[in-house]
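# Structural features, examined
Spelled out, the chains give:
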Amino acid sequence: MHYLNIPSLTALLTIDPGYKLDLIQKWCRSVNKDKFSATVEINRMKREAKLIDLPKSFVDLLVKASKYTCPKIKFGKIQTTAVCLICGDLVCFQSYCCQESLGDSNFGPCNMHAHRCSGDLGVFLTLEKCQVLFLPLRTQGIFINGPYVDKYGEGYKHTKNKALTLSPQLYRKIEMMWIRHEIRPMVARNSEGLGFSRIEQLGLMY
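The shown structure was predicted, so the numbers you read here are calculated from the model rather than taken from an experiment.

### Quick notes on the overall build of the protein
If you tally the helices and strands in the protein, you get 8 helices and 10 strands. Residues counted as buried form 37% of the 206 residues belonging to the protein. Across the protein, every contact between residues at least 6 apart in sequence was considered, and the portion connecting residues at least 24 apart equals 58%.

Structural data, given as structure tokens:
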């Protein structure tokens, strides 16, 4: 601190209180209030646990996915994609194109995206069959029915119809499973028979 011409901590503590108050007031006046408020608002948004807003129509998601291009494959078209419900990004799904190494193992695009986006807990909506994929572990995961249904309340698994509409109640249920940290226990135990489809070995495709 001597070389930087900065007073020692002991000296700072002995500064006249009135002078310290004057310094604080000057600093407060110099703060960009708009920028400071924006920063506070951004931080508040980051703390809010919430999945992304989905369009009302499932077809709108399919249209968005049709414009997606794989970051690794320059030519050709990816057959299946998934949307991350935490950040909204589209990723390749059930594909070997975007696999990467992590430690001593290789993982697929969903796992790698989850690792960067949400700390190894992935929540994806697959657009081929309108299913939600939970990836709390790198070697196991589960599929559950997606939040889109037809006019009779049936999901894609039963109707094979892609003219589906978002069910806010179903999506909220999925969101609360994520918020309440219920995903890891579901994958850890055998959830067959509860409307879940368990994946024992994710391999390099997820």
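So, next bit.
### Focus: the packing of aromatic side chains
Under the criterion given, the structure shown has 2 aromatic pairs. Taking the centre distance of 5.2 Å and the plane angle of 50° together, the rings of Phe58 and Tyr148 count as tilted. Placement of the pair is Phe58 in helix α4 (residues 58-65) and Tyr148 in strand β8 (residues 148-149), with a sequence separation of 90 residues. Just as Phe58 is buried, Tyr148 falls in that class too. Judged by centre distance (6.3 Å) and plane angle (90°), the ring pair of Phe93 and Phe143 falls under edge-to-face. Of this pair, Phe93 sits in the loop between β2 (90-92) and β3 (100-102) while Phe143 sits in strand β7 (residues 141-145), and the two are 50 residues apart along the sequence.

### A closer look at the pattern of salt bridges
Under the counting rule described, the total for this entry stands at 3 salt bridges. A salt bridge links Lys50 to Asp53, with the shortest nitrogen-to-oxygen separation between them at 2.6 Å. Taking the relative accessible area as the measure of exposure, Lys50 reaches 36% and is therefore partly exposed. Two residues, Glu175 and Arg172, come together in a salt bridge whose shortest N-O distance is 2.3 Å. Of this pair, Glu175 and Arg172 both sit in helix α7 (residues 168-179), 3 residues apart, roughly one helical turn. Residue Arg172 is classed as partly exposed on the basis of its relative accessible area of 43%.

### Some details on the side chain of Thr81
Here Thr81 is to be found in strand β1 (residues 81-84). A relative accessible area of 8% places Thr81 in the buried class. Setting aside anything within four residues of it in sequence, one finds Thr81 in contact with Ala65, Tyr68, Val91, Phe93, Leu125, Thr126 and Leu127.

### Topic: helix α5 (residues 109-117)
Burial in α5 covers these residues: Pro109, Cys110, Asn111, Met112, His113 and Ala114. For α5, the secondary structure elements touched by its buried residues are β1, β2, β3, β4 (105-107), β5 (122-126) and β6 (131-135). Positive backbone phi, approximately 75°, marks Gly119, located one or two places after α5.

### Quick look at the environment of Asn161
Tracing the sequence through the fold places Asn161 in the loop between α6 (156-159) and β9 (165-166). Taking the C-alpha atoms as reference, Asn161 lies 9.6 Å from Lys129; in sequence the two are 32 residues apart.

Criteria and thresholds
Numbers given to residues run from 1 along each chain, matching the order in which its sequence is written. pLDDT decides what is reported in this predicted model: residues at 70 or higher carry local features, side-chain atom pairs at 80 or more are listed and counted, and totals for whole chains, interfaces and linings draw on all residues regardless. Hydrogens are left out, water is left out, and the side-chain values use all remaining heavy atoms of the structure. Think of it this way: any DSSP run of H or I at least four residues long counts as a helix, any run of E at least two long counts as a strand, and we number them from the N terminus. Buried residues are those whose accessible area, probed at 1.4 Å on protein chains only, stays under 20% of the maximum for their type, while exposed residues exceed 50% and partly exposed ones sit between those limits. Here, two residues are considered to be in contact whenever any of their heavy atoms come within 4.5 Å of each other. Only Phe, Tyr and Trp rings take part, Trp by its six-membered ring, and two of them pair if their centres are within 6.5 Å. Stacked means planes under 30 degrees apart, edge-to-face means over 60, and tilted covers everything else. Salt bridges are defined by distance alone: a side-chain nitrogen of Lys or Arg within 4 Å of a carboxyl oxygen of Asp or Glu.

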